[in-house]
Amino acid sequence: MVLLVDADNRTANRPLVTDMHRDRKRIFIDRLGWDVPVHGDEERDEFDDADATYLIVEDDWRGHLGSVRLLSTERPHLLDTIFPSLCEDVPTGPDIREVSRLCFAPKCRGGEYRHVRDQLTTALVEYALLTGIRAYTLVAGMSVYSGVLSQGWRCTPLGLPRPMRGEELAAMLIRIEPETIERLRQAGTYVPQALKPVSRILVAA
Amino acid sequence: MEPTGRDDGLVETVQQFVDLLERTFTLADLKRHLTDIVKDMGFQHFSMTHHVDLRNGNPGENVALTDYPEEFVETYLTNKMYTSDPVVLASCHKATGFRWSELGQIITIRGDSRQIFDLSTRAGLSDGYAVPVHLPGEANGACVFATATGHSLPQKRDFMAQLVGRYAFEGARRIIRKRDRVPKPGADPKLTTRQRDCVLLVARGYSNNEIAEELGIRPRTVEDYVEEARRRYGARNRTHLSMHAVFDGTFSLNDVLR
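**Student:** What is the right way to read the overall build of chain B from this model?
**Tutor:** The helix and strand tally for chain B stands at 12 helices and 5 strands. Within chain B, buried positions represent 47% of all 258 residues. Counting only contacts in chain B whose residues sit at least 6 apart along the sequence, the fraction spanning at least 24 positions is 62%. With an accessible surface of roughly 12900 Å², chain B has 49% of that area assigned to carbon and sulfur atoms.

Structure (structure tokens):
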């Protein structure tokens, strides 16, 4: 199940959030060698603030299996702050969120990774449809870029890839439309009931 | 590298191509659109494939689309030259795009690659840029853009080619999926997490006792998990079961052999 974690329930889910930050350090710093801030055994940066929202795949026994961070595009976020060269006109607005820190826990084994990925994809779409988000922006290296395209949703390039920080990075826009769920279904990436129902999503919508 | 302001409309061209892909429902149309944008980029040919054995002429769920000269394709497939094709081999080692001239930096060029170079030259393919596409649960693939003899590799089109290759590959996957109505795994995982753990170890050559030890469960439980997994796939034995699980992407060959 994918849990929505934001300012309202972050404290209640402290162990899970900590687990996520630890896995992010293991992946982004230890494995991928990203030059991002580290605090002890946790990776977190200036965007991991009170307004950041997370979708976290949680396993009852093993904790954090994978996650993404969602940032408002009306406040400083990666694309307009760190990677403005990847896109000429950064798409912003109340109905656009930026997806970043897509992370799969090192404890994911074998094909489990794919199931976690599909749960995150489905949760991103469900969350967007429930709250009126029309698009996500995303900066990705080239192999992740192809992986995102293969999920079945409708993507558009926002700019050409650029060599930055030792990889080729590019920005894209993922459009969320009523038919997106059906597109995921056809791509085989839809996971029924991925997003754990939280009443306040419905209130917000 | 100068960061902004000199894209010369390249992004818009790719965006239009991506929009066009949304309205493309046959491989013939995709081939036509690709041929057009390939020329726009300054290349003359393209080849887009999953790296699997394509000789039987029925790639099924796999992508195989090219406008390379017929002579090349015929000889290439008949002689299984993909097994020694340095572009294919290098694609498996790279996440990002590369020029043919960089092949020697990525892999050791084997002696039997010579015949590929000869064949390419005879077929009038002089140079190229390859965009590897690696998706979990699928064979590795690539979209390759080639120049014809007498043309030089277009300047400053590598990044555009990266995007065109990746979106085109996805477009091909989508068309093939619809055409074949292939039920994809993933929406409905065939095995439970525990069954998958066991089958992965089966594929790695573990006995039930060894699996039990590795996972900290009883051998009898392992036996149940493996038997249930075998039943779900309708597999004949442990080998057949492992092959099924790799084939539908429950885990990859890399998971088994690492």
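Back to the write-up after that little detour.
**Student:** For this particular structure, what's the right way to read the side chain of B:Arg177?
**Tutor:** With respect to the helices and strands, the residue B:Arg177 is situated in helix α7 (residues 158-180). No salt bridge is formed by the buried B:Arg177. Its closest oppositely charged neighbour is B:Glu170, at 4.1 Å. Among the polar contacts made by the side chain of B:Arg177, one reaches the main-chain carbonyl oxygen of A:Gln186 at a distance of 3.2 Å.

**Student:** Quick question: what am I supposed to make of the sheet that holds strand β3 (residues 98-99) of chain B here?
**Tutor:** To summarise the sheet geometry, strands pair through backbone hydrogen bonds and adopt either a parallel or an antiparallel arrangement. Residue and element names in this part refer to chain B. Pairing is antiparallel across the open sheet formed by 5 strands, whose spatial order is β2-β1-β5-β4-β3. Where the open sheet ends on each side, the last strands, each with one partner, are β2 (64-66) and β3. Across 6 bridges, strand β1 (residues 45-50) lies against strand β5 (residues 141-148) in antiparallel orientation. Residue Phe46 lies in a different strand from β5, and its bridge partner there is Phe145.

**Student:** I'm lost on the interface of chain A and chain B in this one. Help?
**Tutor:** Accessible area lost upon the coming together of the parts serves often as the stated size of an interface. Of the residues lining the interface, 38 residues belong to chain A; the matching set on chain B comes to 46 residues. Of the roughly 3400 Å² buried between chain A and chain B on both sides combined, carbon and sulfur atoms contribute 56%. Its salt-bridge partner being A:Arg183, residue B:Glu22 comes within 2.9 Å of it at the nearest N-O pair. Applying the counting criterion to the chain A and chain B interface returns 8 residue pairs in polar contact (both at pLDDT 80 or more). When residues of the side of chain A that touches chain B are traced back to their parent elements, those giving at least two are α3 (112-131), α4 (142-149), β8 (154-157), β9 (162-164), β10 (167-175) and α5 (180-187) of chain A. Its residues assigned to classes, the side of chain A that touches chain B shows 15 nonpolar, 12 polar and 11 charged.

**Student:** What is the right way to look at the environment of A:Leu169 in this model?
**Tutor:** Residues and elements named next belong to chain A. With respect to the helices, strands and loops of the structure, Leu169 is situated in strand β10. Owing to a relative accessible area of 6%, Leu169 belongs among the buried residues under this scheme. Leu169 sits 10 residues away from Gly159 along the chain, and the two C-alpha atoms are 9.7 Å apart. Setting aside residues no more than four positions away along its own chain, Leu169 makes contact with Phe83, Leu86, Val139, Ala140, Gly141, Met142, Leu160, Pro161, Arg162 and Met164.

**Student:** Help me out: how do you make sense of the nonpolar core in this one?
**Tutor:** Ranked by size, the top nonpolar core spans 73 residues in total, and within it A:Leu55, A:Tyr136, B:Leu34, B:Met48 and B:Phe145 carry the most contacts. Contact partners of B:Leu34, with chain neighbours within four places excluded, come to B:Phe17, B:Phe46, B:Met48, B:Leu65, B:Phe145, B:Val164 and B:Ala168. The next biggest cluster of nonpolar side chains, apart from the first, holds 22 residues, and it includes A:Leu3, A:Met20, A:Leu79 and A:Ala171.

**Student:** I keep staring at empty space enclosed by the protein and nothing clicks. Help me out?
**Tutor:** The rolling of a water-molecule-sized probe over the atoms marks out the regions of remaining empty space. Overall, the coordinates contain 4 cavities of 30 Å³ or more when judged by the stated rule. Empty space within the largest cavity amounts to approximately 150 Å³. If you go around the largest cavity, you meet 13 residues; those closest to its centre are A:Arg183, B:Glu22, B:Tyr167, B:Glu170 and B:Arg174. At the level of elements, β8 of chain A together with α1 (10-22) and α7 of chain B are the ones that each hand at least two residues to the lining of the largest cavity. With 4 residues, α7(B) is the largest single contributor of residues to the lining of the largest cavity.

**Student:** I would appreciate a short explanation of unusual backbone geometry in the present structure.
**Tutor:** The phi torsion of most residues other than glycine is negative, and most of the peptide bonds are trans. Of note in this structure, A:Arg101 is not a glycine but carries a positive phi near 55 degrees. Of note, A:Arg101 is situated in strand β6 (residues 96-104). Under the relative-accessibility criterion, A:Arg101 is labelled buried at 9%. A positive phi is found at B:Lys80, a non-glycine position, where the angle reads about 50 degrees.

**Student:** Would you mind going over the packing of α1(B) against helix α2 (residues 27-41) of chain B with me for this structure?
**Tutor:** Axes are the key here: two packed helices are described by the angle between their axes and the distance separating the axes. All names here are of chain B. At their nearest, the axes of α1 and α2 sit 11 Å apart, and the two run at 175 degrees to each other. The pairing of α1 with α2 is recorded here as roughly antiparallel in orientation. On α2, the residues touching Thr13, Phe17, Leu20 and Leu21 of α1 are Leu30, His33, Leu34, Ile37 and Asp40. Residue composition of the contact of α1 with α2, by class: 6 nonpolar, 2 polar and 1 charged.

**Student:** Would you take a moment to explain the pairing of strand β4 (residues 53-59) of chain A for this structure?
**Tutor:** One face of the sheet, then the other: side chains in a regular strand alternate in exactly this way. All names here are of chain A. For β4, the buried fraction is high: 5 of the 7 residues fall into the buried class. The pairing of β4 with strand β5 (residues 63-72) spans 7 bridges and is antiparallel. Bridging from a neighbouring strand, Tyr54 pairs with Arg69 of β5. Where β4 hands over to β5, the hairpin turn is made up of 3 residues, counted between the paired strands.

Cut-offs applied
- Residues numbered from 1 in each chain as written.
- Chains lettered and ligands numbered in written order.
- Predicted model: local features only at pLDDT ≥ 70, side-chain atom pairs only at ≥ 80, totals over all residues.
- Heavy atoms only, no water.
- Helix = DSSP H or I, 4+ residues; strand = E, 2+ residues; numbered from the N terminus.
- Buried < 20%, exposed > 50% of the residue type's maximum accessible area, 1.4 Å probe, protein only.
- Contact = heavy atoms within 4.5 Å.
- Areas by Shrake-Rupley, 256 points an atom, 1.4 Å probe, with all protein chains shown as cover.
- Lys, Arg positive; Asp, Glu negative; His and termini not counted.
- Salt bridge = Lys/Arg side-chain N within 4 Å of Asp/Glu carboxyl O.
- Polar contact = N/O pair within 3.5 Å; in protein donor to acceptor, adjacent residues only side chain to side chain.
- Pairing = 2+ DSSP bridges.
- Buried area = accessible area lost by both parts, 1.4 Å probe.
- Nonpolar A, V, L, I, M, F, W, Y, C, P; charged D, E, K, R; others polar.
- Core = buried A, V, L, I, M, F, W, Y, C linked by side-chain atoms within 4.5 Å.
- 1 Å grid on protein atoms, 1.4 Å probe; cavity = no way out; pocket = protein on both sides within 12 Å on 5 of 7 lines; lining within 4 Å.
- Points joined across faces, edges and corners; volume = space filled by probe spheres on them.
- Axes fitted to C-alpha atoms, helices over the stretch in contact; angles between N-to-C directions.
- Parallel < 35°, antiparallel > 145°, perpendicular 65-115°, else oblique.

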